[in-house]
Amino acid sequence: MINRPLILVTNDDGVQSKGISSLIRVLCPLGDVVVVAPDGGRSGMSSAISSKLPIWLNLLKKEEGLTVYSCSGTPVDCVKLAVNEILDRKPDILVSGINHGSNSSICVLYSGTMGAALEGTIFGIPSVGVSLTDHSSDADFSDVAKYAAVITSKVLDEGLPQGVCLNVNVPDVKLVKGIKVCRQAKGLWVKEFMKSKDALDNDIYWLTGYFQNEEPESEDTDEWALSHGYVSVVPTQIDMTAYEAVKNLKNWEVQTISEPSFLN
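Attention in this report is confined to the structure presented alongside it. (Residues numbered from 1 in each chain as written. Predicted model: local features only at pLDDT ≥ 70, side-chain atom pairs only at ≥ 80, totals over all residues. Heavy atoms only, no water.)

## Notes on the sheet that holds strand β1 (residues 6–10)
Next, step 1: Here nine strands make up an open sheet; going across it, the order is β3-β4-β2-β1-β5-β6-β7-β13-β8 and the pairing mixed. A strand with exactly one partner marks an edge of an open sheet, and here the two such strands are β3 (57–63) and β8 (178–181). When the angles between neighbouring strand axes are averaged without regard to direction, this sheet yields 20°.
Next, step 2: Sheet analysis places strand β7 (residues 164–170) next to strand β13 (residues 230–237), joined by six bridges and oriented antiparallel. Looking at β13, one finds that V168 is bridged to V233. (Pairing = 2+ DSSP bridges. Helix = DSSP H or I, 4+ residues; strand = E, 2+ residues; numbered from the N terminus. Axes fitted to C-alpha atoms, helices over the stretch in contact; angles between N-to-C directions.)

## Concerning the pattern of salt bridges
Next, step 1: Across all of its chains, the model carries 13 salt bridges by this definition.
Next, step 2: Note that K195 and D203 form a salt bridge whose closest N and O atoms lie 3.5 Å from each other.
Next, step 3: For K195, a relative accessible area of 52% puts it in the exposed group. (Salt bridge = Lys/Arg side-chain N within 4 Å of Asp/Glu carboxyl O. Buried < 20%, exposed > 50% of the residue type's maximum accessible area, 1.4 Å probe, protein only.)

## Description of the nonpolar core
Next, step 1: Judged by nonpolar contacts, the single largest core of 34 residues is most densely connected at V9, L27, V35, I98, V128, V130 and V168.
Next, step 2: Among all residues touching I98, those that are not within four sequence positions of it are D13, G19, I20, S22, L23, V130, S131, L132, F141, V144 and A145.
Next, step 3: Counting residues in each nonpolar core, the second largest holds 14 residues, with L6, V34, V79 and A116 among its members. (Core = buried A, V, L, I, M, F, W, Y, C linked by side-chain atoms within 4.5 Å. Contact = heavy atoms within 4.5 Å.)

## Structural notes on a nonpolar patch on the surface
Next, step 1: A surface patch of nonpolar side chains, amounting to about 370 Å² of accessible area, comprises L109, Y110 and M240.
Next, step 2: Locating Y110 in the fold gives a position in the loop between β5 (93–100) and α3 (112–122). (Patch = residues over 30% accessible without salt bridge, like charges linked within 9 Å, V, L, I, M, F, W, Y side chains within 5 Å. Areas by Shrake-Rupley, 256 points an atom, 1.4 Å probe, with all protein chains shown as cover.)

Okay, structure coming up:
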């Protein structure tokens, strides 16, 4: 008997979120699904790990083709626990999401959804992070789930390059035009804090702000694709080396270093 593909699922919005429920529904026909997801929201955790506290794991459901665990840790903790303690073999694919809100452009650095996908990539698992550009808890995930299933099936059939995962974002539009493979747009968040007072009149700060696309006319970016009704697929790598900078900085290399004059 040929084993069905083993699909590991996680997210950063919590095991009870609507996004992960929609994802599980469309992935179960593709293979045996094991879910290990946080017991609550962990947005913005990136690749954080629980190094100071123990982690609790609870089995929530076990049936033919679907096993669901909740975890007290971060999305990356979930992946590590799944690979090291739960699964009896390496998954054929990891799918993280579906995230409530976009993880395009610079948000990939903050995203717990993508932190989990990158962690899967470190383990040599073809990994995909999927997000919808709608932050509401009751967002409509019907279209994005279909695209998640299609892309998952494609990765199961063809694999991914070593060290590369996919950052998939789906626009919140009535009619998605299709899929575009893109690069990450250059941009940043601005006016990131709102200042107010607590009950004792101390200054407090709330994270807020808005995203500023620094190249809105560039048609090869994820931000352009999303704003024009396309699913953006950005191949994202775990090797963060700036290879051109290595060449430019070669003249810094020395054998030994003497006491710098500015320290005398």
